[in-house]
Amino acid sequence: MIATKLAFVLFCWTAAFALPTAVQVVFMHVAFILGRFLPLFRPSSAQARRLYVRFLLYAGLLSAVVVILNALFVRNGEVLLDLSVVQFSRNGVEFGLRVSVRLVLMSTAILVFFLSTPLRDLAAFLDSAGAPAVLTSVLLLSLEFLERLPQRIEQIFTAQEARGAPVRAGFAGRFRSLFSILGPLILSSIVESVERSHALALRGFPAPPEHRIRARQPLTIPAWSLIAGVVAMIGWKLWESFR
């Protein structure tokens, strides 16, 4: 199913550059609905759902800011609103709408993909698709590092507090103690990375390509349909440019 979601991302990105703004608005709302209701695109955890809702709020705010700034600074064309001090132009509003819709459509597609796809599943998909073993191992090691990062920070925080560092003092004290937390965190991460690389090397990682078992996942009908839509949009755009 990851191939279907990747095809959907490619479809949305192509639509963001090849289709008119009105059609992009439709696909933007489709991406919102898929990320909210369809199980395949639904966020995989409670934290991911909170991030998705927060993104929707930020997307609306970003769109409003982009439209207002372009309406203020693009001076040519008809004036929609004249407040004597500032003027809002029609061309600026239209340009701001095009830019904001394009950005929201592209970012929504990417966000829906990553929030609904666990990193382990993505690494397994890349491995089955023939990606280098180094790439999948970096993804998995990054996932484990991010999962253990809050616990490690809490341990260093407690240790530095026991040594008398002003980690819970005012802003100045916390700023001074920041380096006493970042230093051990960076050093411990480097040491752990070196030890893990030696352990993986002793176990024969990475395995030779001929010894790796890869079960390729066939493309589904929705994935083929989305890819066909991408080809159709590119063909239509080329035909429009050379007509």
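To start, this report covers the structure provided alongside it. (Residues numbered from 1 in each chain as written. Predicted model: local features only at pLDDT ≥ 70, side-chain atom pairs only at ≥ 80, totals over all residues. Heavy atoms only, no water.)

### Details of the nonpolar core
- Counting 36 residues, the largest nonpolar core has Phe8, Phe32, Leu105 and Met233 as the members making the most contacts within it.
- Sorting the residues of this core by element identifies helix 1 (2-18), helix 2 (21-37), helix 3 (46-73), helix 4 (90-116), helix 5 (119-128) and helix 8 (221-242) as the ones contributing at least two each.
- Ranked by residue count, the leading element in this core is helix 1, at ten residues.
- In this view, Phe8 contacts Ala31, Leu34, Phe41 and Leu226; residues no more than four positions away in its chain are not counted. (Core = buried A, V, L, I, M, F, W, Y, C linked by side-chain atoms within 4.5 Å. Buried < 20%, exposed > 50% of the residue type's maximum accessible area, 1.4 Å probe, protein only. Helix = DSSP H or I, 4+ residues; strand = E, 2+ residues; numbered from the N terminus. Contact = heavy atoms within 4.5 Å.)

### Notes on the packing of aromatic side chains
- This model, assessed by the stated rule, comprises three aromatic pairs.
- Centre to centre, the rings of Phe11 and Phe27 are 5.1 Å apart; their planes meet at 85 degrees, and the pair counts as edge-to-face. With a gap of 16 residues between them, Phe11 in helix 1 and Phe27 in helix 2 connect regions that are remote in the sequence.
- For Phe27, a relative accessible area of 23% corresponds to the partly exposed category.
- For the ring pair Phe113 and Phe114, a centre distance of 5.1 Å and an interplane angle of 80 degrees mean the geometry is edge-to-face. (Phe/Tyr/Trp six-rings, centres within 6.5 Å; stacked < 30°, edge-to-face > 60°.)

### Brief notes about the packing of helix 1 against helix 4
- Their axes nearest at 8 Å, the elements helix 1 and helix 4 cross at an angle of 170 degrees. The pairing of helix 1 with helix 4 is recorded here as roughly antiparallel in orientation. Contacts between helix 1 and helix 4 involve Ile2, Lys5, Leu6, Val9, Cys12, Trp13, Ala15, Ala16 and Phe17 from the first element and Arg102, Leu105, Met106, Ala109, Ile110, Phe113 and Ser116 from the second.
- A class-by-class count of the residues in the contact of helix 1 with helix 4 yields 13 nonpolar, one polar and two charged. (Axes fitted to C-alpha atoms, helices over the stretch in contact; angles between N-to-C directions. Parallel < 35°, antiparallel > 145°, perpendicular 65-115°, else oblique. Nonpolar A, V, L, I, M, F, W, Y, C, P; charged D, E, K, R; others polar.)

### Considering the side chain of Thr4
- Relative to the elements of secondary structure, Thr4 occurs in helix 1.
- Here Thr4 falls in the buried class, since its relative accessible area comes to 5%.
- Residues in contact with Thr4, not counting those within four places in the same chain, are Leu40, Thr220, Pro222, Ala223 and Leu226.

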